[in-house]
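# Residue-level structural notes
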Amino acid sequence: MRPHASDLLLTAFAPAIWGSTYIVTTEFLPNYSPLTVAMLRALPAGLLLLLLVRQLPTGIWWARIFALGALNFSVFLSMLFIAAYRLPGGVAATVGAVQPLLVVFLAYFVLASPIRLVSIVAALVGAGGVALLVLTPRAALDPIGVMAGLAGAASMACGMVLSRKWQPPVPLLTFTAWQLTAGGLLLVPVVLMFEPAIPVPTMANLLALTWLGLIGMALTYLLWLRGVTRLDPSVASPLLLLSPVTAVLLGWLFLNQTLTVLQIAGGILVIGSIWLSQRASRHPDAALKRRFVSSQERVHKRICVPVSLRSERRSLK
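The sections below set out a description of the structure shown in this document. Being a predicted model, the structure only gives us computed values, none of them experimental.

With that settled, the discussion passes to the pattern of salt bridges. The tally for this structure, following the rule as stated, stands at 2 salt bridges. Residue Asp7 pairs with Arg226 through a salt bridge whose shortest N-O separation is 3.1 Å. Of this pair, Asp7 sits in helix α1 (residues 5-18) while Arg226 sits in helix α10 (residues 203-230); the two residues are 219 residues apart in sequence, bridging distant segments of the chain. Two residues, Arg230 and Asp7, come together in a salt bridge whose shortest N-O distance is 3.6 Å. Within this pair, whereas Arg230 is found in helix α10, its partner Asp7 is found in helix α1, the two being separated by 223 residues in sequence. Three or more residues joined by partner-sharing salt bridges are found here, namely Asp7, Arg226 and Arg230.

So, about the side chain of Thr25. Inspection of the secondary structure puts Thr25 in helix α2 (residues 21-28). Looking at Thr25, its side chain comes within polar contact range of the main-chain oxygen of Thr21, at 2.7 Å. Here Thr25 is in contact with Pro30, Val37 and Leu212, once residues within four sequence places are set aside.

Our next topic: the packing of aromatic side chains. Under the criterion given, the structure shown has 5 aromatic pairs. Geometrically, the ring pair formed by Trp61 and Phe175 is edge-to-face, given 6.1 Å between the ring centres and 90° between the ring planes. Of this pair, Trp61 sits in helix α4 (residues 61-86) while Phe175 is found in helix α9 (residues 172-194), placing the two residues 114 residues apart along the sequence. This pair shows no difference in class: Trp61 is buried, exactly as Phe175 is. Ring pairing ties together the aromatic residues Trp18, Phe73, Tyr221 and Trp224, which thus form one cluster. Its end group placed over the ring of Trp61, Arg64 keeps NZ or CZ at 5.1 Å from the ring centre.

Thresholds, definitions, all that
- Residues numbered from 1 in each chain as written.
- Predicted model: local features only at pLDDT ≥ 70, side-chain atom pairs only at ≥ 80, totals over all residues.
- Heavy atoms only, no water.
- Salt bridge = Lys/Arg side-chain N within 4 Å of Asp/Glu carboxyl O.
- Helix = DSSP H or I, 4+ residues; strand = E, 2+ residues; numbered from the N terminus.
- Polar contact = N/O pair within 3.5 Å; in protein donor to acceptor, adjacent residues only side chain to side chain.
- Contact = heavy atoms within 4.5 Å.
- Phe/Tyr/Trp six-rings, centres within 6.5 Å; stacked < 30°, edge-to-face > 60°.
- Buried < 20%, exposed > 50% of the residue type's maximum accessible area, 1.4 Å probe, protein only.
- Lys NZ or Arg CZ within 6 Å of the ring centre and 35° of its normal.

Function cannot be inferred from these measures alone, as they are strictly geometric.
Below you can see the structure in the form of structure tokens.
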């Protein structure tokens, strides 16, 4: 079924906002450690939503929520920041751009979604576009950083597919509150054991944390999970490529960073890959219907026609 335009736009809004994370963190939270920011993004937003919904998971959903919270928040954010600190020059974003390709194959094994050649081509074009957009000649490869980037991409890819598979028995707001809270809670012991003490926040720090938590987490993940439950994973995952595009544009607008011809070409490739991925899901139902009708016609010819011939022969006798 062709995705509705409003579903695509609302889902795309989430990664576009996530692209502001880099500039907000570096400009307004320079003294905060990466995992501390990750915890402060997820946990307060989750607890606030949990106070609004006033509902806790039951039964098997306790395990599922902590699994999704770990995949979508704890592991993903931790690996993302490790890769960002070890892979200068935007290599981390390029490594993370393999996520749409991972989603295509994970959705095939977990959800039995068909693997379409157009989806694979779109994922490869998107990864190439991100590479042109963020790579610089000084970009260095660090094995640990590359592994962390791949692990983060795989973690969120698994979280996307499982969120689609495990349709929650509660409203989407409650589902979001559960995952944010679980992901934030899992980061608390890591921050306490390995990160320095949280500095006394200034007004600028509080405003930045409010943006990252309420807008960059609570609102955007609500929209993202809404899209994941409505759109095919091969359609939703390429929208994540909008995040590095937004980051580059914000750096150009507010940090006086220049845009080269290659970067502009990379941005065009990213947008083109997203458009191409949407074409892969435009008329699958019609194709399935045509295959079903043709198969029914073949069955009719094999079974019904011989039966009718036998009936005619009997009547002639």
